[in-house]
Amino acid sequence: MTTNNEQLEQFIDYCRDFYDLSRKGSIYPFATEAEIRNACLAHVTDPKPSIPFDGDTMDREMVRERILAGRAVLGVGETDFEKAILDRRAMFATVPLDLV
């Protein structure tokens, strides 16, 4: 299934209804809007998806897994994610260029 921008935005909104920390009434609030958007885009554009994209519960749960996997790579928990990103940016900003 080819996904257009409107379908992508609807899917992001659907995922935010479940996972967005800043959205009142989220069912399982644990992620930032940026995390959700990035995971949705990665899921929809995956060149080798395990299932065809339908924008349903299975897709939403796969987005959740992408968010959690991204956090695991960074070694952070649910509430520490944004802080860790900022800390890593600051750390790399101070690395001397001859060491990169």
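Attention here is on the structure that accompanies the text. (Residues numbered from 1 in each chain as written. Predicted model: local features only at pLDDT ≥ 70, side-chain atom pairs only at ≥ 80, totals over all residues. Heavy atoms only, no water.)

Some points on the packing of helix α1 (residues 5-19) against helix α3 (residues 57-74)
Then step 1. Direction vectors running N to C along α1 and α3 enclose 65°, while the axes themselves pass 10 Å from each other. Looking at the two axes, α1 sits roughly perpendicular to α3. Crossing geometry of α1 relative to α3 is assigned as right-handed. Between α1 and α3, the residues in contact are Phe-11, Tyr-14, Cys-15, Phe-18 and Tyr-19 and Thr-57, Asp-59, Arg-60, Glu-61, Val-63 and Arg-64, respectively.
Then step 2. When the residues that make up the contact of α1 with α3 are grouped by side-chain class, the tally is six nonpolar, one polar and four charged. (Axes fitted to C-alpha atoms, helices over the stretch in contact; angles between N-to-C directions. Helix = DSSP H or I, 4+ residues; strand = E, 2+ residues; numbered from the N terminus. Parallel < 35°, antiparallel > 145°, perpendicular 65-115°, else oblique. Left-handed = near helix turned anticlockwise from the far one by under 90°. Contact = heavy atoms within 4.5 Å. Nonpolar A, V, L, I, M, F, W, Y, C, P; charged D, E, K, R; others polar.)

Some points on the packing of α1 against helix α2 (residues 33-44)
Then step 1. It is at 10 Å that the axes of α1 and α2 come closest, and there the two elements cross at 135°. As far as their axial angle goes, α2 and α1 are oblique. α1 and α2 meet at a crossing whose hand is right-handed. Residues Leu-8, Glu-9, Phe-11, Ile-12, Cys-15, Arg-16 and Tyr-19 of α1 lie in contact with α2, whose contacting residues are Glu-33, Ile-36, Arg-37, Cys-40, Leu-41, His-43 and Val-44.

Things to note about α2
Then step 1. The end-to-end C-alpha separation of α2 is 16 Å, in line with the 16 Å expected for 12 residues at 1.5 Å each.
Then step 2. Looking only at α2, the buried set comprises Glu-35, Ile-36, Ala-39, Cys-40, His-43 and Val-44. Seen from one end, α2 has its buried residues packed into an arc of 150°, which puts them on one side. (Expected span 1.5 Å × (residues − 1). Buried < 20%, exposed > 50% of the residue type's maximum accessible area, 1.4 Å probe, protein only. Arc of directions from axis to C-beta.)

Side note on the nonpolar core
Then step 1. Ranked by size, the top nonpolar core spans 15 residues in total, and within it Phe-11, Cys-15, Tyr-19, Ile-36, Cys-40, Val-63 and Ile-67 carry the most contacts.
Then step 2. Here this core gets six residues from one element, more than from any other, and that element is α1.
Then step 3. If sequence neighbours within four positions are ignored, Tyr-19 has contacts with Ser-26, Tyr-28, Pro-29, Phe-30, Ala-31, Ile-36, Arg-60, Glu-61 and Arg-64. (Core = buried A, V, L, I, M, F, W, Y, C linked by side-chain atoms within 4.5 Å.)

What about the pattern of salt bridges?
Then step 1. The tally for this structure, following the rule as stated, stands at nine salt bridges.
Then step 2. A salt bridge links Glu-9 to Arg-37; the nearest nitrogen and oxygen atoms lie 3.0 Å apart. Linking Glu-9 in helix α1 with Arg-37 in helix α2, this pair joins segments that are 28 residues apart in sequence.
Then step 3. Note that Arg-16 is salt-bridged to Asp-20, the shortest N-O span being 2.5 Å.
Then step 4. A relative accessible area of 14% places Arg-16 in the buried class. (Salt bridge = Lys/Arg side-chain N within 4 Å of Asp/Glu carboxyl O.)

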